[in-house]
Amino acid sequence: MSTTLQPPSPGIEAKANYLNADYGWKSWLFTTDHKRIALLYLFSITTFFFIGGAFAVLMRIHLLSPEGMFDNDTYNKLFTMHGIIMVFFFLVPSIPATLGNFLIPMMIGSRDLAFPRINLLSWYIYIFGGIFTLMAVVRGGVDTGWTFYAPFSSTYSNTHVILAAVGVFVSGFSSILTGLNFIVTIHKMRCPGMTWSRLPLFVWAHYATALIQVLGTPVIAITLVLLGLERILHAGIFDPTLGGDPILFQHLFWFYSHPAVYIMILPGMAVMSELVACYSRKRIFGYGFVAFSSLGIAVLSFLVWGHHLFVSGQSMYASMVFSFMSMAVAVPSAIKVFNWTATMYRGSISWDTPMLYAFGFIGLFTMGGLTGLFLATMAIDVHVTDTYFVIAHFHYVMVGGMVMAYMGGLHFWFPKITGRLYPEGWAKFAALVIFVGFNLTFFPQFILGYLGMPRRYATYPEEFHLLNVMSTAGASILGVGYVIPMIYLAWAWRNGPLSPQNPWKAKGLEWEQSPTPPPTFNFDTPPIVTEPAYNYSGEVEEEAHG
Amino acid sequence: MGSFSIFPERASTSAGEVDALYGFLLLVGIGMTLLIFASVFFFAIKYRRKSDNDRPKLIHGSLPLEITWSVIPFLVMLVMFVWGTKLYFQNYTPPRQGTLDIYVTGKQWMWKMQHPTGQREINELHVPLGRPVKLILASEDVVHSFYIPAFRLKHDVVPGSYETFWFEATKLGRYRIFCAEYCGTDHSRMTGWVTVMEPAAYESWLSGGSASGSMAEQGEKLFQQYGCASCHITEAQGRGPSLRNVFGHPVVLEDGRTVMADEAYIRESIQNPNAKIVKGYPRDLMPVFQGQIDEEGLLQLVVYVKSLSPPAPAKSAVTAKDVSNPGRAK
């Protein structure tokens, strides 16, 4: 692809942009430019991703043998810290805080978010929370599982529960502030002509995400405070010997943590809509349905938490309602998958790297979503909950779905962010390695789960050995797959060929009306929107529905 | 490893039914996955970009298609929902009568089983073939989960309440018990075996006897030891209500409610008597035993109280018309 591009005009480096506008650490650490803050997030999130990934590598090494490589306590800490770091410090902020932060103002034709300083504050809060959690790691770790179930966490565990919980508590505020900023920005900062029905679907999905962040995150904060009160002051909230109720913790925890799953996946869907449209050169099929399915997911996501409690002794009638709602939330997700697929129909489909990731997302997210139905079906859930089936299911959604979309998005907007092109051959190779490694890691875990291997087992019976070895083999491939893009993207950032303004001939303000890389205030001339989103066919019409 | 199967052994009445439902879901899941994969690949190849100047025609969308691919999946999900819910209620509602009751206590990191006749086992559970067995699950400390993959059943064991777990074994053999809810250091070693025996063999296993007498006898000893007997006089009215024929019957409370006297109610009334006051008795009459008797002792006391209410004849079982909430026993 890059060979057919126009040679960049000479002197593009000389042009002022947000990267060369200023140098020096102060210009980064005190910036209020949403693009620079996005990069601060990008580097910190990548760091956390590789820390969390290192724990995963150690876990898979441990599980190579049925008796394990390390002692049980060490393994228990490994999966706990893998979970906490990946969920709260990678998945939740990943796309919104990096790509969302960078792109939302540009996509709606604004020069920044509504509250630039709050945006910077949210990054500091995130880092502050991260420091607490890393302190818990350095000082010996936590062993409660990322779910912090009481009364184990409040009374029995003798690890650094409070430090880790404070880290999660603090980082939650970063998430709330980002969400708040997005909501206000999307409502108030759209440029002339950018009506709601012309918004890119990226923005719609981030809007839905932001709603969940603002409404859901306070509940995990409250839950962790209550946990701390019980652990430190022995207030009887969750521990029955103090007069508390352990099931209450599970309700509170999942009231946030199930919607949080959609905080993690909706931004992935946001990226998907952009990728599929651009690389099919077509308007997204059923724009209105895709836009509103994001809102549908956001609303329904708050009504399904009880499906984590089918075996906990929750009333069976309550379970029945939660089972039904959990099936219902699958419908808007299915609508999205069908619409992306239909967008490709009669398109002009490029096989560039971001689109390869999009293919991967569609396939793997479909499998992750369908296995979610197994878990929503109560009689099946009784057998497979708390087994490796669940692990496989949510890794198909989170890694197969969300991380694929994130990688696709990073490649797609890499020229926009850096002004340079990445090496296409290496990128395709890495995408393939990641796809193969991912499936080899997690597919065997579905089988392990139905065979009955419980999750969070430091040791396991001999009959599960072969499948565990397969999974570890896959993980080593997957690990390599993630390191390759790290290397060539870092290289291309300095040495890649310069990118033209719109290397993919993509639609959207960020590509069409903003220079690459963008100037500090995003647009040289105030943008105006005169056509619907994804107007790849160039038809001037305005019968957009939705 | 021998022959490789994606199904664990089937050793209970529920296992086959769960597998059948699983088979249906697999069929739907694989079908859908193939459909999506095939469409993506077909489109990706058929409509592969020929020239950088391609300008595909605009397609807005299609309301009939949107409705089709919303409604059909929804209907298929309804089938899953109804089937799964029906089976769940069946697998989670023990038969009202004729079950063999065994008492299980989970503690970090072992399973302790008590048979009514007094036998105790650790990480082993012997049960007869072809008879419904009801386990009453209690936890001494944190949340555990009692899981037998060969039966396709699991239930959390929650401190502070009793949960029930029932099954009918259909195949002789030894099957694994796992703790499925993370409970600390040796969570992965909190495992055991359930041994399914011929009923006759089970009877003779039971007749091996127990040094300390049946569970009810042990419970009676505790009943004397903790001084319960001085108020709860069995044959007459003492300071506290008589416990004869209480278990399995509705109890009218001071606040006008009626509750079913099940295992959870008895446990709660020992641990925290003020939680539910029987009509006509004052508060704070009975000392609080919270934290004084371990879960195994509590189960023995419960069995003793149970033994004071001989199994009701079939008729009265029907009149106990309240279909007690099959959910959380608390």
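No experiment lies behind these values; they were computed from the predicted model shown.

Observations regarding the overall build of chain A
Here's step 1: Scanning chain A from terminus to terminus reveals 17 helices and 0 strands.
Here's step 2: The globule rule puts the C-alpha radius of gyration for 546 residues at 24 Å, and the 23 Å found for chain A is close to it.
Here's step 3: Projecting the C-alpha coordinates of chain A onto the three principal axes gives extents of approximately 70 × 45 × 45 Å.
Here's step 4: Here chain A, with 546 residues, has 64% of them falling under the buried criterion.
Here's step 5: In chain A, once contacts between residues fewer than 6 apart in sequence are set aside, the share between residues at least 24 apart is 84%.

Observations concerning the sheet that holds strand β6 (residues 144-148) of chain B
Residues and elements named next belong to chain B.
Here's step 1: Strand order in the open sheet formed by 5 strands is β4-β10-β9-β6-β7, with mixed pairing between adjacent strands. Unpaired on one side and paired on the other, β4 (124-128) and β7 (153-157) mark the two borders of the sheet. Averaged over all adjacent pairs, the angle separating strand axes in this sheet is 20 degrees, with direction ignored.
Here's step 2: Two strands pair when backbone bridges link them, and β4 and strand β10 (residues 192-197) are joined in this way by 5 bridges, in the parallel orientation. Along β10, the bridge assignment pairs His-126 with Thr-195.

Quick notes on helix α6 (residues 295-307) of chain B
Residues and elements named next belong to chain B.
Here's step 1: For α6, built from 13 residues, the straight-helix expectation of 18 Å at 1.5 Å per residue is met to within 8% by its first-to-last C-alpha distance of 18 Å.
Here's step 2: Of all the positions in α6, only Glu-295, Leu-298, Leu-299, Gln-300, Leu-301, Val-302, Val-303, Tyr-304, Val-305 and Lys-306 are classed as buried.
Here's step 3: Close packing links the buried residues of α6 with β1 (100-107), β2 (110-114), β5 (132-139), α4 (215-225) and α5 (263-271).

Focus on the confidence of the model for chain A
Here's step 1: Per-residue confidence for chain A averages 93 on the pLDDT scale, and 96% of its residues sit at or above 70.
Here's step 2: Mean pLDDT per element in chain A: helix α1 (residues 25-29) of chain A is the minimum at 91, and helix α13 (residues 378-384) of chain A is the maximum at 97.

Description of the sheet that holds β1 of chain B
All names here are of chain B.
Here's step 1: Across the sheet, 5 strands lie side by side as β3-β2-β1-β5-β8; this open sheet has mixed pairing. Strands with a single pairing partner mark the edges of an open sheet, and in this sheet they are β3 (120-122) and β8 (163-168). Neighbour to neighbour, the strand axes of the sheet diverge by 25 degrees on average, direction disregarded.
Here's step 2: As paired strands, β2 and β3 are joined by 3 bridges and run antiparallel to one another. Residue pairing in the sheet places Gln-114 in a bridge with Arg-120 of β3.

Looking at the pairing of β2 of chain B
Residue and element names in this part refer to chain B.
Here's step 1: For β2, a buried count of 4 out of 5 residues is recorded, marking the element as mostly surrounded by other parts of the structure.
Here's step 2: Of the pairings in the sheet, the one linking β1 to β2 comprises 5 bridges and is antiparallel in character. By the bridge assignment for β2, Tyr-103 is matched with Gln-114.
Here's step 3: Where β1 hands over to β2, the hairpin turn is made up of 2 residues, counted between the paired strands.
Here's step 4: Counting the residues that bridge the hairpin from β2 to β3 gives 5 residues, and of these Gly-118 lies at a positive phi of roughly 110 degrees.

A look at the interface of chain B and chain A
Here's step 1: Each partner contributes to the interface: chain B provides 75 residues, whereas chain A provides 81 residues.
Here's step 2: When residues of the side of chain B that touches chain A are traced back to their parent elements, those giving at least two are α1 (13-46), α2 (63-92), β6, β7 and β9 (173-179) of chain B.
Here's step 3: Counting residues per element, the side of chain B that touches chain A draws most heavily on α2 of chain B, which supplies 15 residues.
Here's step 4: Residues that form the side of chain B that touches chain A fall into these classes: 39 nonpolar, 19 polar and 17 charged.

Some remarks on helix α12 (residues 353-376) of chain A
Here's step 1: In a regular helix each residue adds 1.5 Å, so 24 residues correspond to 34 Å; α12 of chain A covers 34 Å between its end C-alpha atoms and thus fits that length.
Here's step 2: With 24 of 24 residues buried, α12 of chain A is to be regarded as a mostly interior element.

Considering the environment of Leu-25 of chain B
Here's step 1: Residue placement: Leu-25 of chain B occurs in helix α1.
Here's step 2: Under the C-beta neighbour-count criterion, Leu-25 of chain B is labelled buried, with 21 such atoms within 10 Å.
Here's step 3: Between the C-alpha atom of Leu-25 of chain B and that of Val-251 of chain B, which follows or precedes it by 226 residues, the distance is 44 Å.
Here's step 4: What Leu-25 of chain B contacts, discounting residues up to four positions off in sequence, is Leu-373, Phe-374, Thr-377 and Ile-380 of chain A together with Met-80 of chain B.

Considering the environment of Leu-27 of chain B
Residue and element names in this part refer to chain B.
Here's step 1: On the secondary structure map, Leu-27 appears in helix α1.
Here's step 2: Note on Leu-27: 10 C-beta atoms within 10 Å, which makes it exposed.
Here's step 3: Placed 126 residues apart in sequence, Leu-27 and Leu-153 show a C-alpha to C-alpha distance of 22 Å.

Focus: the environment of Gly-228 of chain A
Residue and element names in this part refer to chain A.
Here's step 1: Structurally, Gly-228 can be placed in helix α8 (residues 201-233).
Here's step 2: Through-space distance from the C-alpha of Gly-228 to that of Arg-456 is 24 Å; in sequence the pair is 228 residues apart.
Here's step 3: Leave out the neighbours within four places in its chain, and Gly-228 touches Ile-162 and Ala-165.

Here we look at the packing of helix α3 (residues 72-91) of chain A against helix α7 (residues 161-188) of chain A
Residue and element names in this part refer to chain A.
Here's step 1: Between α3 and α7, the shortest axis-to-axis distance is 10 Å and the interhelical angle comes to 15 degrees. On the basis of their axis angle, the class for α3 and α7 is roughly parallel. The handedness of the crossing between α3 and α7 comes out as left-handed. Here Ile-84, Phe-88 and Phe-89 of α3 lie close against α7, whose contacting residues are Ala-164, Val-168 and Ser-171.

Concerning unusual backbone geometry
Here's step 1: For the peptide bond that leads from Ala-150 of chain A to Pro-151 of chain A, omega is 0 degrees, which places it in the cis range.
Here's step 2: In the segment running from Gln-108 of chain B into Trp-109 of chain B, the intervening peptide bond is cis, with an omega of -5 degrees.
Here's step 3: Of note, Trp-109 of chain B is situated in the loop between β1 and β2.
Here's step 4: Positive phi, close to 60 degrees, is recorded for Asp-386 of chain A, a residue that is not glycine.
Here's step 5: Tracing the sequence through the fold places Asp-386 of chain A in the loop between α13 and α14 (388-418).
Here's step 6: By C-beta crowding, Asp-386 of chain A is classed as buried, having 24 other C-beta atoms within 10 Å.
Here's step 7: With a phi close to 75 degrees, Asn-522 of chain A is a non-glycine residue in the positive phi region.
Here's step 8: Structurally, Asn-522 of chain A is set in the segment after α17 (509-512).
Here's step 9: The buried category is assigned to Asn-522 of chain A, around which 22 C-beta atoms lie within 10 Å.

Let's talk about the confidence of the model for chain B
Residues and elements named next belong to chain B.
Here's step 1: Per-residue confidence for chain B averages 87 on the pLDDT scale, and 91% of its residues sit at or above 70.
Here's step 2: Model confidence for chain B, summarised as mean pLDDT per element, is weakest for helix α7 (residues 314-319) at 41 and strongest for β6 at 97.
Here's step 3: Per-residue pLDDT stays below 50 along residues 314-330; that stretch engages in 30 contacts with residues further than four places along the chain or on separate chains.
Here's step 4: Confidence metrics for the complex model read pTM 0.91 and ipTM 0.91.

What counts, and where the lines are drawn
Each chain carries its own residue numbering, running from 1 in the written order of its sequence. The order in which chains are written sets their letters, starting at A; the order in which ligands are written sets their numbers, starting at 1. The predicted nature of this model means local features are confined to residues of pLDDT at least 70 and side-chain atom pairs, given and counted, to a pLDDT of 80 or more, with totals for whole chains, interfaces and linings taken over all residues. Helix numbers and strand numbers start at the N terminus; a helix is a DSSP run of H or I with at least 4 residues, a strand a run of E with at least 2. Only C-alpha atoms enter the radius of gyration; for comparison, a globular chain is expected to reach 2.2 Å times N to the power 0.38, where N is the number of residues. Counting other C-beta atoms within 10 Å of each residue's C-beta, where C-beta atoms are placed from the backbone, gives the exposure class: buried for 20 or more, exposed for 12 or fewer, partly exposed between. By definition, residues are in contact whenever their C-beta atoms, placed on the basis of the backbone, come within 7 Å of each other. Strand pairing is defined by DSSP finding a minimum of two bridges between the two strands. For helices, the fitted line uses only the C-alpha atoms of the stretch in contact; every axis is such a line through C-alpha atoms, and the angle between N-to-C directions lies from 0 to 180 degrees. How far a helix is expected to stretch is found by multiplying one less than its residue total by 1.5 Å. pLDDT measures how confident the predictor is about each residue, on a scale from 0 to 100. Gly falls in the polar group here, along with every residue not listed as nonpolar (Ala, Val, Leu, Ile, Met, Phe, Trp, Tyr, Cys, Pro) or charged (Asp, Glu, Lys, Arg). Our angle categories are set so that under 35 degrees counts as roughly parallel, over 145 as roughly antiparallel, 65 to 115 as roughly perpendicular, and the remainder as oblique. Here a crossing is taken to be left-handed if its near helix is turned anticlockwise relative to the far helix by less than a right angle, and right-handed if that turn runs clockwise.

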